[in-house]
Amino acid sequence: MALGLLLDIDGVMVTSWKALPGAVDAVAKLYERGYPRMFLTNTTSRSRGDIAEALNACGFEVSPEEILTAAKLTAEYLTANHPGKRVWVLNEGPIAEDMTGVELTDDPASAEVVVLGGAGPVFDHRSLSQVLESMVSGVPVVAMHRSMTWSTAGGLSIDTGVYLEGLEKAAGRKIKAIGKPSPLGFRAAVDLMQLEPNQVIMVGDDMHNDVLGAQAAALIGVLVRTGKFRDEALRALQRDEFGPVPDHVIDSVADLPALVQKLAEQ
Ligand SMILES: [Mg+2]
């Protein structure tokens, strides 16, 4: 069967921008075998160009065009749904490069759309209160993703999703989120690879955002036991006989070539 690969980056290929054991070899081996591939990340702290550069510094060979970031997908969403609007972005890190075609403003009071990127020190009390003010005033608020956590060398950090829940409750309104696990990114990647969803393998360390999100969009989900993977969370899921479970679980991306080989032969 024809297969394509969609790889999460953080926690699968790298942690704190250091390659995980065996990851460079596994990704190179799969590239040599000629599988179409893309990288799908909710990373909002770096542009596609910066991510490619950081991956290449770790020994991977990846080009910016192969990377779909939540910022890039959000820019496409804004162009399609809020064309020409002034957008205020609250994000930790410089991602303007991925938001070409969007009119950005530094003045939240005059913004016609508010975008929440990745959490960090910029998510302070004053800025989040401003977001709430926009929400209750009827300004559309879009989030690049609703990830709850990301893993760092020093442990877990809380991410945008943690704040979204509170803002939604306070404003009595929902915030549209674009990145994983929304089907938008999975579909965009499948289309770019010119495959059907059930021919694309999504590999991630986030059980809900990467794996179950992909499976809900009809892709094949593969969970790795690295990055933010927690055994207890997987066991809890497996105990629920009616809920979804990952299609495949592997110890790390180093085991991916063998799994892909097996699936390709089916
Ligand atoms: Mg990850």
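That block above? That's the structure.
Treat the numbers as computed from the prediction; the structure is a model and nothing was measured. (Residues numbered from 1 in each chain as written. Predicted model: local features only at pLDDT ≥ 70, side-chain atom pairs only at ≥ 80, totals over all residues. Heavy atoms only, no water.)

Structural notes on the coordination of the magnesium ion
Coordination of the magnesium ion by the protein involves D8 (OD), D10 (O) and D205 (OD), with metal-donor separations of 2.1 to 2.2 Å. Look at where the donors of the magnesium ion fall in the sequence and you get D-x1-D-x194-D. With a gap of 197 residues between them, D8 in the loop between β1 (4-7) and β2 (14-15) and D205 in the loop between β13 (200-204) and α7 (207-216) connect regions that are remote in the sequence. Here D205 falls in the buried class, since its relative accessible area comes to 3%. (Donors = N, O, S within 2.8 Å, 3.2 Å for Na, K, Ca; no water. Helix = DSSP H or I, 4+ residues; strand = E, 2+ residues; numbered from the N terminus. Buried < 20%, exposed > 50% of the residue type's maximum accessible area, 1.4 Å probe, protein only.)

Describing the pairing of strand β8 (residues 113-116)
Two faces, one strand: in a regular strand the side chains alternate between the faces of the sheet. Going residue by residue along β8, you find V113 and V115 tucked away on one face and V114 and L116 tucked away on the opposite face as well. Examined bridge by bridge, strand β6 (residues 86-90) and β8 share 4 bridges and lie parallel to one another. Note that in β8 the partner of W88 across the bridge is V114. Note: β8 against strand β9 (residues 141-143), 3 bridges, orientation parallel. (Pairing = 2+ DSSP bridges.)

Structural notes on the sheet that holds strand β14 (residues 220-224)
Strand order across the open sheet formed by 6 strands is β5-β4-β1-β13-β14-β15, with parallel pairing between neighbours. The outermost strands of the open sheet, each flanked by one partner alone, are β5 (67-69) and β15 (248-250). Here the average twist between neighbouring strands, direction ignored, is 25°. Across 4 bridges, β1 lies against β13 in parallel orientation. When the sheet's bridge partners are listed, G4 is paired in β13 with V200. Helix α2 (residues 48-57) contacts β4 (37-41) and β5 of the sheet and is inclined by roughly 130° relative to β5. (Axes fitted to C-alpha atoms, helices over the stretch in contact; angles between N-to-C directions. Contact = heavy atoms within 4.5 Å.)

Geometry only, nothing functional implied.
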